[in-house]
Number of protein chains: 2
Amino acid sequence: MTLEQKQSKRLTMAQIAKEAGVSITTVSKVLNQLPGVGAQTRARIQAMIEQHDYVQNHAARHLRKGQSGLIDLVIMRLEGGYDLGIMHGVQEALEESGHRLVVFATHEDEAVERRWLRRIQDQSTDGVLLLLPYERIGIAEMLMAQNIPVVAIGDRNEPTTNYPTIGSTIWLGGYTATEYLISLGHRRIGIIAGPLHLTTTRARLAGYREALERAGIPVDPALICEGNYFLGDGIKQANALLDLEDPPTAIFAGNDAQAAGVYQVLYQRQVRIPDEMSVVGFDDVMYTAQMPPPLTTIHQPLAEMGKMAANMLLRLIGGQTLESNRVELSTSLVIRDSCAPPRTGPLLNR
Amino acid sequence: MTLEQKQSKRLTMAQIAKEAGVSITTVSKVLNQLPGVGAQTRARIQAMIEQHDYVQNHAARHLRKGQSGLIDLVIMRLEGGYDLGIMHGVQEALEESGHRLVVFATHEDEAVERRWLRRIQDQSTDGVLLLLPYERIGIAEMLMAQNIPVVAIGDRNEPTTNYPTIGSTIWLGGYTATEYLISLGHRRIGIIAGPLHLTTTRARLAGYREALERAGIPVDPALICEGNYFLGDGIKQANALLDLEDPPTAIFAGNDAQAAGVYQVLYQRQVRIPDEMSVVGFDDVMYTAQMPPPLTTIHQPLAEMGKMAANMLLRLIGGQTLESNRVELSTSLVIRDSCAPPRTGPLLNR
């Protein structure tokens, strides 16, 4: 696909959206026969598409195949073990296919995301992997509207998307971690969630609730904290939980970075892990086994997720269809040394 | 530069090396009028070069300028804060220039390095950043032999190279950390070095020795450990140091990952930081401020190093010359909470 072809195609998509007074996403949904568009709007757009003689340029997608040899990975920030674990698997898959991996971090800046999007339209790419839970400018939809294959990895805002995604069984992870703490005798279990607008955060929380309810333990809203998935949120929320009149005996962190923050607070307050406080993480990034004490956590198969995402993308690039638009790999509990039965006496506020 | 030009050029370089019975590196040194080649060999190669009418293809380098818009970064592994810190700066510089960053990790596998090198010869790149202290197959020389601009970052095997490098004042870092521990009253200071074949490891060790000698403290070889720059090495060597009959009162780790390993050992042996053992790291990666207790460490300006390396590379791509083939940015001591005066009584073996 030449640049000219790309641009004429882009203009046509934009024209339809503009004429119909809808977003490009809506046009894309209609083109791909996906739900989420009212019947009247759908009919109007379809008429316009026929009028414009617009057809999805499948041939162009095939033409692009192997032309640049580049796969673009867009991530939030160059930090932490989660993204690196996934990149590891992506590279493994691309080494086999012979593609080169272009990496770009948006630093959660919408202006930077838009700039990247403008650039990618003028540059050659075979396809894009998105590791961007928070992006709100509709990158995936805009790429799809230009027939650039895209696969998204990990946390998402919405439960369903009109582009392929790969994740893990987050609900089960939330359930398993909580059930394990209950099995040790804990009844007051604090949870530090991620941002509640993420479906995956809500899934984790639902798993936590399910385990409590099955054990007949009432859910105490005071034990549920919201934060971002950063270490600083772990610090803030662990302090909040410890400052409760009736603090928890165990803390289930939303990810391992938050758990590291919890560790720091417990160290500062001289609360011993696991004797005085049990801690469970989420992700099982590289450093968790080396934390003092080694962290019990929910394993996400990060490398496998990255590898599968890359392979899904390569199949789309090759013009193949995917069996499923959504794939979830299994989470599992990794028991290390950060959990123990609760102390019989109450935890002193420190 | 077309692929054909590249290949004919590569063949010519290889032919000269083959006919002269020397390495491509040697030919490159002669071409670039660099030392390290005997007078006789030099004369012989120069004669051959004239015979072959070989000229360095500066025009081709200019032709390549901006053609691919890609900069390749080759790193050892997708792990840890050091590489990410540098990548952060590289991306910042490339965002300004509009280049895309291609990332490849070799996992310290020579076969993978060779495969990458073969591929990069058939693919387009504007230049290469090498973050590969351990590579022994001569990647930089081979890239230079093909007029692909290259800049190397960080630890190196050799003190001088015939390609541009950027690093930091490692000797000063070793000196400053040791001097600080001495100022607190420590006289038995263990050091966990990196691999001794790296110039940068030896520089760090020389700084350590210098500080001890200035303070009139004899250097005890039992306190000097060698390891790789991984967490596991920190664990192994910290155990070795604590098992000494006369263990140190402070440990100066070769990098922050090793320091995290030292922390783990001290936690397991219930040796309190800093009351019973002081610890200093090296690098100042992102997580050091959050370690329990926050780690005192030698700051390397990683992002600045990455940014400067990228800018040096962009200047080479633009056909400009660099003022210096070697740039070192300053290290500095960051004092946090992991150091204190030594206990008066001896440390019990635990």
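- The name recorded for chain A in an unreviewed UniProt entry is Transcriptional regulator, from Ktedonospora formicarum.

Details of the side chain of Ser168 of chain A
Residue and element names in this part refer to chain A.
Working step 1: Structurally, Ser168 is set in strand 5 (residues 165-168).
Working step 2: A distance of 2.5 Å separates the side chain of Ser168 from the side chain of Gln300, its partner in a polar contact.
Working step 3: Those residues in contact with Ser168, other than ones at most four positions away along the chain, are Gln300, Pro301, Met305, Arg326, Glu328, Leu329 and Thr331.

Remarks on the side chain of Thr199 of chain A
Working step 1: The topology assignment puts Thr199 of chain A in helix 9 (residues 199-214).
Working step 2: Beyond its immediate stretch of four places on either side in the chain, Thr199 of chain A contacts Arg156, Asn157, Glu158 and Pro159 of chain A.

Some remarks on the relation of the copies chain B and chain A
Working step 1: Aligned on chain A, chain B shows an RMSD of 0.1 Å; the corresponding rotation is 180 degrees and the shift along the axis is 0.0 Å. Taken together, the rotation angle and the small translation identify this as a two-fold axis. For chain B, the residue whose C-alpha comes nearest the rotation axis is Val102 of chain B, separated from it by 2.1 Å.
Working step 2: The share of interface residues of chain B whose copies in chain A are also at the interface is 100%, consistent with both copies meeting through the same surface.

What about the sheet that holds strand 10 (residues 296-299) of chain A?
Residues and elements named next belong to chain A.
Working step 1: Read across the open sheet, the six strands follow the order 7-6-8-9-10-12; overall the sheet is mixed. The open sheet terminates on both sides in strands that have one partner only, identified here as strand 7 (224-226) and strand 12 (332-334). Strand after strand, the sheet turns through a mean of 20 degrees between neighbouring axes, direction not considered.
Working step 2: Note: strand 6 (residues 189-193) against strand 8 (residues 250-252), three bridges, orientation parallel. Following the sheet pairing, Gly190 is matched in strand 8 by Ile251.
Working step 3: Packed onto the sheet, helix 10 (residues 231-242) meets strand 6, strand 7 and strand 8 and runs at close to 150 degrees relative to strand 6.

With respect to helix 11 (residues 256-268) of chain B
Residue and element names in this part refer to chain B.
Working step 1: Here helix 11 contains 13 residues, and its C-alpha end-to-end distance of 18 Å stays within 8% of the 18 Å for a straight helix at 1.5 Å per residue.
Working step 2: Burial analysis of helix 11 places 11 of its 13 residues in the buried class, which makes it a mostly covered element.
Working step 3: Structurally, helix 11 contributes buried residues whose contacts are with strand 6 (189-193), helix 10 (231-242), strand 8 (250-252), strand 9 (278-283) and strand 10 (296-299).

Structural notes on unusual backbone geometry
Working step 1: Of note, the amide linkage connecting Ile273 of chain B to Pro274 of chain B takes the cis form, showing an omega dihedral of 0 degrees.
Working step 2: Topologically, Pro274 of chain B is positioned in the loop between helix 11 and strand 9.
Working step 3: Phi is positive for Asn147 of chain A, which is not a glycine, with a value near 60 degrees.
Working step 4: Here Asn147 of chain A shows up in the loop between helix 7 (139-145) and strand 4 (150-153).
Working step 5: Backbone geometry at His107 of chain B places phi at a positive 55 degrees, although glycine is not the residue there.
Working step 6: Within the fold, His107 of chain B resides in the loop between strand 2 (100-105) and helix 6 (110-122).

Observations concerning the pairing of strand 6 of chain A
All names here are of chain A.
Working step 1: The buried count for strand 6 comes to five of five residues, which makes it a mostly enclosed element.
Working step 2: Direction of pairing for strand 6 relative to strand 7: parallel, over a ladder of three bridges. Of the residues in strand 7, the one forming a bridge with Ile192 is Cys225.
Working step 3: Regarding the hand of the β-α-β motif, the stretch spanning strand 6, helix 9 and strand 7 is right-handed.

Thoughts on the sheet that holds strand 10 of chain B
All names here are of chain B.
Working step 1: Here we have six strands laid out as an open sheet, ordered 7-6-8-9-10-12, and mixed in their pairing. Strands with a single pairing partner mark the edges of an open sheet, and in this sheet they are strand 7 (224-226) and strand 12 (332-334). Each adjacent strand pair in this sheet contributes to an overall mean axis angle of 20 degrees, direction not counted.
Working step 2: Summarising the sheet, strand 8 and strand 9 pair through three bridges and their orientation is parallel. Bridging from a neighbouring strand, Ile251 pairs with Val279 of strand 9.
Working step 3: Across the sheet, helix 9 (residues 199-214) lies against strand 6, strand 7, strand 8 and strand 9, angled at about 170 degrees from strand 6, the strand it touches most.

Overview of the interface of chain B and chain A
Working step 1: Contacts between the two partners involve 34 residues from chain B and, on the opposite side, 35 residues from chain A.
Working step 2: Together chain B and chain A conceal approximately 3,200 Å² of surface at their shared face, both sides included; 56% is due to carbon and sulfur atoms.
Working step 3: Of all residues in chain B, Leu78, Glu95 and Arg100 of chain B bury the most surface against chain A, accounting for 22% of the area lost on that side.
Working step 4: At the junction of chain B with chain A, the criterion picks out four salt bridges.
Working step 5: Arg100 of chain B serves as the salt-bridge partner of Asp72 of chain A, at 2.5 Å between the closest nitrogen and oxygen.
Working step 6: In this structure, the connection of chain B to chain A is made through 14 residue pairs in polar contact (both at pLDDT 80 or more).

With respect to the packing of helix 5 (residues 81-97) of chain A against helix 12 (residues 302-317) of chain A
Residue and element names in this part refer to chain A.
Working step 1: With their axes 7 Å apart at the nearest point, helix 5 and helix 12 run at an angle of 45 degrees to one another. Relative to helix 12, the element helix 5 is oriented oblique. Between helix 5 and helix 12 lies a crossing whose hand is right-handed. Residues Gly81, Tyr82, Gly85, Ile86, Gly89, Val90, Glu92, Ala93, Leu94, Glu96 and Ser97 of helix 5 form the contact with helix 12, whose participating residues are Leu302, Ala303, Met305, Gly306, Lys307, Ala310, Asn311 and Leu314.
Working step 2: Looking at the contact of helix 5 with helix 12 residue by residue, the class counts come to 10 nonpolar, six polar and three charged.

Rules of the game
- Residue positions are given per chain, counting from 1 as you read along its sequence in written order.
- Ligands are numbered from 1 and chains lettered from A, in the order in which they are written.
- Where local features are concerned, this predicted model is filtered to residues with pLDDT of at least 70; where side-chain atom pairs are given and counted, the filter is 80 or more; whole-chain, interface and lining totals use all residues.
- As a convention, hydrogens and water are excluded, and side-chain values are obtained from all of the structure's heavy atoms.
- By definition, any uninterrupted DSSP run of H or I lasting at least four residues is a helix, any uninterrupted run of E lasting at least two residues is a strand, and each is numbered from the N terminus.
- N or O atoms within 3.5 Å of each other form a polar contact, as long as, within protein, one can give a hydrogen and the other can take it, and as long as residues adjacent in sequence are counted only when both atoms are side-chain atoms.
- Contacts: residue pairs with any heavy atoms within 4.5 Å of one another.
- For the least-squares superposition of copies, only C-alpha atoms count, and only for residues with pLDDT at least 70 in both.
- Paired strands, in this sense, are two strands between which DSSP finds at least two bridges.
- In this analysis, axes come from line fits to C-alpha atoms, helices being fitted only over the stretch in contact, and the angle between any two N-to-C directions falls in the range 0 to 180 degrees.
- Expected helix span is computed as 1.5 Å times (number of residues minus one).
- Only protein chains enter the area calculation, which uses a 1.4 Å probe; residues under 20% of their type maximum are buried, those over 50% are exposed, and those in between are partly exposed.
- Here is how to tell: hold the view so the strands point away, follow the path from the first strand over the helix to the second, and if it runs clockwise the crossover is right-handed.
- Note on definitions: buried area is the accessible-area loss of two parts on being combined, 1.4 Å probe, summed for both.
- Definition used for salt bridges: Asp or Glu carboxyl oxygen within 4 Å of a side-chain nitrogen of Lys or Arg.
- Each angle receives one of four descriptions, namely roughly parallel if under 35 degrees, roughly antiparallel if over 145, roughly perpendicular if within 65 to 115, and oblique otherwise.
- What makes a crossing left-handed is the near helix being turned counterclockwise from the far one by less than a right angle; a clockwise turn instead makes it right-handed.
- Polarity classes work like this: nonpolar for Ala, Val, Leu, Ile, Met, Phe, Trp, Tyr, Cys and Pro, charged for Asp, Glu, Lys and Arg, and polar for all others, with Gly in that last group.

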